[in-house]
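# Structural overview
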Amino acid sequence: MIKTRLICVSLTALALAAPAAAQEQTRTRTYEGPNVSASQTTTVNPETGTATRTREATNLDTGNTASSSAVRQRTETGATIDVVQTGPQGNSRELRGERVRTGNGSTFAGTATGRGGETYGLSGVRSRDGEGNSSASQSITNAAGETLASRSRATTRSEGQVSRSVTRSKAPGVTRPPRARGKRPR
């Protein structure tokens, strides 16, 4: 009889605790140093599938502040991401895109806007076959649709051997490809 009551009490406690686990969680970190003051706030809501992160850093000598905000929203087919970074002089850059799950991987399509207002198209594909073979490719295009940079990777497994190949390309005159991936809020 006592064991039955303990089991019922334990099960009741678990049932009441389950909804609390799915609640929104917010974590704030701060840093105060001799030259800079910084803070980061991360909020995750498992119920709505939203994760947000805001960061701000201030140079204590000049008062200049840089900030960033990122939002990742879960969707029926994957997730969307929206990142905005603002520098100390007020220049901002943005990254927006959507990842869509496929039967054996995912695709990504988005846009990036640089601090000078230039716009880039971003795309990527990932796939795997369940036997250890996988591939991925990314590309960056300019506003005219010309490919500025691309990268492809293929990994194959056969008879205990792993083979990996990576190819990269850049358009003439491109010294460094723009960043193709924003950081996901964690």
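Our subject is the structure that appears above.
Below is a summary of the structure that appears in this document. (Residues numbered from 1 in each chain as written. Predicted model: local features only at pLDDT ≥ 70, side-chain atom pairs only at ≥ 80, totals over all residues. Heavy atoms only, no water.)

## Notes on the environment of Val 162
The residue Val 162 is located in strand 11 (residues 161-170) in this model. On the basis of relative accessible area, Val 162 is assigned to the exposed category, the value being 54%. Expressed as a C-alpha distance, the spacing of Val 162 and Gly 132, which sit 30 residues apart in the sequence, is 9.1 Å. The contacts of Val 162, once residues within four sequence positions are left out, are Thr 155, Thr 156 and Arg 157. (Helix = DSSP H or I, 4+ residues; strand = E, 2+ residues; numbered from the N terminus. Buried < 20%, exposed > 50% of the residue type's maximum accessible area, 1.4 Å probe, protein only. Contact = heavy atoms within 4.5 Å.)

## Points about the nonpolar core
Core analysis: the biggest nonpolar cluster contains 11 residues, these being Ala 70, Ile 81, Val 83, Leu 95, Ala 112, Tyr 120, Leu 122, Ile 140, Leu 148, Ala 171 and Val 174. Secondary-structure elements contributing two or more residues to this core are strand 5 (78-86) and strand 8 (119-128). (Core = buried A, V, L, I, M, F, W, Y, C linked by side-chain atoms within 4.5 Å.)

## Some remarks on the pattern of salt bridges
Summed over the entire model, instances satisfying the criterion amount to 2 salt bridges. In this structure, Arg 96 engages Asp 82 in a salt bridge whose closest nitrogen and oxygen atoms are separated by 3.2 Å. Here Arg 96, found in strand 6 (residues 92-102), pairs with Asp 82, found in strand 5; they are 14 residues apart in sequence, far enough to count as distant. Look at Asp 82 and you get partly exposed, because its relative accessible area is 28%. We note a salt bridge from Glu 94 to Arg 96, for which the minimum N-O separation is 2.2 Å. For Arg 96, a relative accessible area of 36% translates into the label partly exposed. (Salt bridge = Lys/Arg side-chain N within 4 Å of Asp/Glu carboxyl O.)

## A short note on the pairing of strand 5
Pairing geometry for strand 4 (residues 65-74) and strand 5, over 8 bridges, is antiparallel. Each residue of the ladder has a partner; that of Ala 70, found in strand 5, is Val 83. Between strand 4 and strand 5, which pair antiparallel one after the other, the connecting turn spans 3 residues. In this antiparallel pair of consecutive strands, strand 5 and strand 6, the connection spans 5 residues, and Gly 90 shows a positive phi of 90 degrees. (Pairing = 2+ DSSP bridges.)

## Overview of the pairing of strand 7 (residues 105-113)
Here strand 6 pairs with strand 7 via 9 bridges, running antiparallel. When the sheet's bridge partners are listed, Glu 98 is paired in strand 7 with Ala 109. Following strand 6, the chain reverses through 2 residues before pairing antiparallel with strand 7. Here strand 7 pairs with strand 8 via 9 bridges, running antiparallel. Bridge assignment links Ser 106 to a residue of strand 8, and that residue is Arg 126. Counting the residues that bridge the hairpin from strand 7 to strand 8 gives 5 residues, and of these Gly 117 lies at a positive phi of roughly 95 degrees.

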